[in-house]
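# Analysis of the macromolecular model
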Amino acid sequence: MAPESPDRPVKRLLIQRAPKHDVLGLWAQWYAYRGWRVVPLHNPILLCHGATCSCGDENCGSIGKHPRTTHGVHDASSDLRQVAKWWQLWPDANIGLACGESFDVLDIDDSAAVSHFLDRFGGKAVIGLGPSSNPARGWHAYFQPLGRNGVRIGGEDVEWLSKGKLVVAPPSLHASG
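Right, let's walk through the structure included here.

Rules used in this analysis
- Residues numbered from 1 in each chain as written.
- Predicted model: local features only at pLDDT ≥ 70, side-chain atom pairs only at ≥ 80, totals over all residues.
- Heavy atoms only, no water.
- Helix = DSSP H or I, 4+ residues; strand = E, 2+ residues; numbered from the N terminus.
- Buried < 20%, exposed > 50% of the residue type's maximum accessible area, 1.4 Å probe, protein only.
- Contact = heavy atoms within 4.5 Å.
- Areas by Shrake-Rupley, 256 points an atom, 1.4 Å probe, with all protein chains shown as cover.
- Arc of directions from axis to C-beta.
- Polar contact = N/O pair within 3.5 Å; in protein donor to acceptor, adjacent residues only side chain to side chain.
- Pairing = 2+ DSSP bridges.
- Phe/Tyr/Trp six-rings, centres within 6.5 Å; stacked < 30°, edge-to-face > 60°.

Turning next to the overall build of the protein chain. Secondary structure summary: the protein chain contains five helices and 10 strands in total. Looking at the protein chain as a whole, 34% of its 177 residues are labelled buried. When contacts within the protein chain are restricted to residue pairs at least 6 apart in sequence, those whose partners lie at least 24 apart make up 68%. Split by element, the accessible area of the protein chain, about 10,800 Å² in all, is 53% carbon and sulfur.

Our next topic: helix α3 (residues 80–89). Taken together, the buried positions of α3 are Val83, Trp86 and Trp87. Along α3, the residues classed as buried sweep out an arc of 90 degrees about the axis, all on the same side. Facing away from the buried side of α3 by over 90 degrees, the exposed positions are Arg81, Lys85, Gln88 and Leu89. Elements that come into contact with the buried residues of α3 comprise α2 (23–33), β1 (38–41) and β4 (94–98). For α3, the side-chain oxygen to backbone nitrogen distance between the N-cap and Arg81 is 2.8 Å, and the N-cap itself is Asp79.

Where strand β2 (residues 44–47) meets strand β3 (residues 50–53), four bridges bridge the pair, whose relative direction is antiparallel. Following the sheet pairing, Ile45 is matched in β3 by Thr52. Linking β2 to β3, which pair antiparallel, is a turn of two residues.

Moving on, we get to the packing of aromatic side chains. Counted under the stated rule, the structure contains eight aromatic pairs. Ring centres of Trp27 and Trp30 lie 5.6 Å apart, and the angle between their planes is 75 degrees; on these two criteria the pair is classed as edge-to-face. Linking Trp27 with Trp30, this pair stays in helix α2, spanning three residues, or about one helical turn. We classify Trp27 as partly exposed; its relative accessible area is 37%. What makes Trp30 partly exposed here is its relative accessible area of 39%. Between the aromatic rings of Phe103 and Tyr142, the centroid separation amounts to 5.1 Å while the plane-to-plane angle is 65 degrees, which identifies the pairing as edge-to-face. Pair noted here: Phe103 is in the loop between β4 and β5 (104–108) and Tyr142 is in strand β7 (residues 139–143), with a separation of 39 residues, a long-range link. Tyr142 shares its class with Phe103; the two are buried.

Below, the structure written as structure tokens:
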């Protein structure tokens, strides 16, 4: 164990006070602290035979990817108090980030499309432009905002997400687990 210091007990206390299920809320607040607008999304409810959405719609086509708020992306906020309220109300909510202001996102939904895109456009150059994340089978790369709205690039598996669009942010859960 690390030696005690005046800061150690405080850090340990803060960690002990943060419930394990509040990880999503802490991440949402971190994104908001960066100035990124956040909105709570419905979350997948994992079952032994698949997943259903917390929205309650048995035929939901966007499990864990659509907003819990009335006005969706228009409700997104970087106000830390508002974000904390949302995750107190919905501690298991996935995290949605509003695109088009702080960043745009290149969203590639299929592993084969990721490989094709990186082969065609030189993956090293693309990856080096900003942070990226790997959702279930695809890839999200974050870029400076360009002001283009939801442009499809090279088919249905590649989309540029900008103003008016949301991206599901890590460590949100995917319907596949």
